[in-house]
Amino acid sequence: MSDNKTHFGYQTVDESEKAGKVAEVFHSVAKNYDIMNDVMSGGLHRVWKHFTINTARLRKGDKVLDIAGGTGDLSRGWAKRVGKEGEVWLTDINSSMLTVGRDRLLNEGLILPVSLADAEKLPFPDNYFNLVSVAFGLRNMTHKDAALKEMHRVLKPGGTLLVLEFSKVFKPLAPAYDLYSFKLLPLMGKMIAKDADSYQYLAESIRMHPDQETLKQMMLDAGFDSVEYHNMTAGVVALHKGVKF
Ligand SMILES: C[S@@+](CC[C@H](N)C(=O)[O-])C[C@H]1O[C@@H](n2cnc3c(N)ncnc32)[C@H](O)[C@@H]1O
């Protein structure tokens, strides 16, 4: 990609435009985000998130930062793990997503600190968190390298980053997955959320996102050690884990 240009799905746009376009998508989908996740993944996103939450080695009292936390699925899981003596921040760059997330957690009796925060410029001190998570968020960020460095900065030495993200599906399944992504997804988006374009962007952004090995290298470049990943659902998603030494 040439200087100052980046991808927004399959479109090439100025870097300065991407965050605004991503913001439009998530302002538009926020209200129907949770129901669409269940419908589109047949409930599988719950299994992927459950696995992510169970992968973390957390203790009561730990501090966790959920980046691009949206409607709060991971934050809820982290809050249960660290208990009342712990600290879990639900953060996102998008006020509509964050409002849905905050209200949802409040309705469940969970009062967590919530902050509007850009992953590329995190408003947190160095060496503060035991765990940083980002689920289905990194794909949407303009400067993924800068965001990964910020995640590294705010982690304590010994702390862990978990990146749950769509990834490269195993090759034999690619034709069926393409059919599903480019025909059914936008159709479901149109019928349920009255928004085909956002779900077309979803399918395209998944294809443009770095594959498992590339993301592993990006995490190493950002300063993480012991980087490893675990494929789920034949590589539809992967959970990458890195440690700050
Ligand atoms: C697909 S949603 C994921 C929400 C939630 N983590 C989940 O797994 O259900 C992606 C989220 O990334 C957020 N996002 C995009 N760019 C961001 C950035 N630069 N910093 C923080 N959040 C960002 C969007 O606003 C959106 O809420």
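Refer to the structure above for everything that follows.
Quick caveat: nothing in here was measured; it's all calculated off a predicted structure.

Engineer: Can you walk me through the site of the ligand in this structure?
Structural biologist: Around the ligand, the surrounding shell holds 20 residues, and the nearest of these are Tyr33, Ala68, Asp92, Ala119 and Ala135. Here a nitrogen atom of the ligand sits 2.8 Å away from a polar atom, N or O, in the main chain of alanine 68. Contact distances for the ligand include 2.9 Å between a nitrogen atom and a backbone N or O atom of alanine 119. Burial of the ligand by the protein chains amounts to 96% of its free accessible area of 600 Å². Under a 2 Å grid-point criterion requiring more than half of the atoms, the pocket assigned to the ligand is the largest pocket. If you list the elements that add at least two residues to the shell around the ligand, you get helix 1 (15-29) and helix 2 (33-41). Taken together, the residues of the shell around the ligand break down into 11 nonpolar, 6 polar and 3 charged.

Engineer: Explain the packing of helix 2 against helix 3 (residues 44-55) here, please?
Structural biologist: Relative placement of two packed helices is described by the angle separating their axes and the distance separating the axes. With their axes 7 Å apart at the nearest point, helix 2 and helix 3 run at an angle of 100 degrees to one another. Relative to helix 3, the element helix 2 lies roughly perpendicular. Each of Asn37, Asp38 and Ser41 in helix 2 lies in contact with helix 3, whose residues at this interface are Leu44, His45, Arg46, Trp48 and Lys49. Here the residues of the contact of helix 2 with helix 3 sort into 2 nonpolar, 3 polar and 3 charged.

Engineer: Hey, could you run me through the layout of surface pockets in this one?
Structural biologist: It is a probe the size of a water molecule, rolled over the atoms, that shows where empty space is left. Here the largest pocket defines a volume of roughly 580 Å³. If you go around the largest pocket, you meet 34 residues; those closest to its centre are Ala68, Asp92, Ile93, Gly137 and Asn140. Those elements that place two or more of their residues in the lining of the largest pocket are helix 1, strand 3 (63-67), helix 4 (73-82) and helix 5 (95-107). Split by residue class, the lining of the largest pocket holds 15 nonpolar, 11 polar and 8 charged. Around the second largest pocket, the lining is made up of 28 residues, and of these Asn37, Met40, Phe166, Leu202 and Ile206 lie nearest the centre. Residue assignment for the lining of the second largest pocket shows that the elements contributing at least two residues are helix 1, helix 2, helix 3, helix 7 (174-193) and helix 8 (196-208). The element contributing the most residues to the lining of the second largest pocket is helix 8, with 7 residues.

Engineer: Teacher, can you tell me more about the sheet that holds strand 5 (residues 114-116) here?
Structural biologist: Sheet strands associate in pairs through backbone hydrogen bonding, adopting either a parallel or an antiparallel arrangement. Overall, mixed pairing links the 7 strands, which are arranged 5-4-3-6-7-9-8 in an open sheet. At either end of the open sheet lies a strand with only one pairing partner, and these are strand 5 and strand 8 (225-232). Across the sheet, the mean angle from the axis of one strand to that of its neighbour is 15 degrees, orientation sign disregarded. Across 6 bridges, the pairing between strand 6 (residues 129-135) and strand 7 (residues 155-166) is parallel. Paired with phenylalanine 129 across the strands is leucine 155, a residue of strand 7.

Engineer: In this structure, what is going on with unusual backbone geometry? I would like to understand it.
Structural biologist: Note: most peptide bonds trans; most residues except glycine with negative phi. Phi at phenylalanine 136 is positive, roughly 55 degrees, even though this residue is not glycine. Within the element layout of this structure, phenylalanine 136 appears in the loop between strand 6 and helix 6 (144-154).

Engineer: How do you make sense of the pattern of salt bridges when you look at a structure like this?
Structural biologist: Should their charged atoms come close, side chains of opposite charge can pair. In this structure the tally under the stated criterion is 13 salt bridges. Of the charged contacts in the structure, one is a salt bridge between arginine 104 and aspartate 73, with a shortest N-O distance of 2.7 Å. A residue pair is termed long-range when its members are at least 10 positions apart, and arginine 104 in helix 5 and aspartate 73 in helix 4 qualify at 31 residues. With respect to burial, arginine 104 and aspartate 73 carry one shared label: buried. The salt bridge partner of aspartate 118 is lysine 121, with a shortest N-O separation of 3.6 Å. Taking relative accessible area as the criterion, lysine 121 reaches 62% and is therefore assigned exposed. Through salt bridges with shared partners, one network takes in Asp34, Lys49, Asp73, Arg76, Arg104 and Glu108.

The rules we used
- Residues numbered from 1 in each chain as written.
- Predicted model: local features only at pLDDT ≥ 70, side-chain atom pairs only at ≥ 80, totals over all residues.
- Heavy atoms only, no water.
- Near = heavy atom within 4 Å.
- Polar contact = N/O pair within 3.5 Å; in protein donor to acceptor, adjacent residues only side chain to side chain.
- Areas by Shrake-Rupley, 256 points an atom, 1.4 Å probe, with all protein chains shown as cover.
- 1 Å grid on protein atoms, 1.4 Å probe; cavity = no way out; pocket = protein on both sides within 12 Å on 5 of 7 lines; lining within 4 Å.
- Sits in = over half its atoms within 2 Å of the grid points.
- Helix = DSSP H or I, 4+ residues; strand = E, 2+ residues; numbered from the N terminus.
- Nonpolar A, V, L, I, M, F, W, Y, C, P; charged D, E, K, R; others polar.
- Axes fitted to C-alpha atoms, helices over the stretch in contact; angles between N-to-C directions.
- Parallel < 35°, antiparallel > 145°, perpendicular 65-115°, else oblique.
- Contact = heavy atoms within 4.5 Å.
- Points joined across faces, edges and corners; volume = space filled by probe spheres on them.
- Pairing = 2+ DSSP bridges.
- Salt bridge = Lys/Arg side-chain N within 4 Å of Asp/Glu carboxyl O.
- Buried < 20%, exposed > 50% of the residue type's maximum accessible area, 1.4 Å probe, protein only.

Geometric values such as these leave the question of function open.
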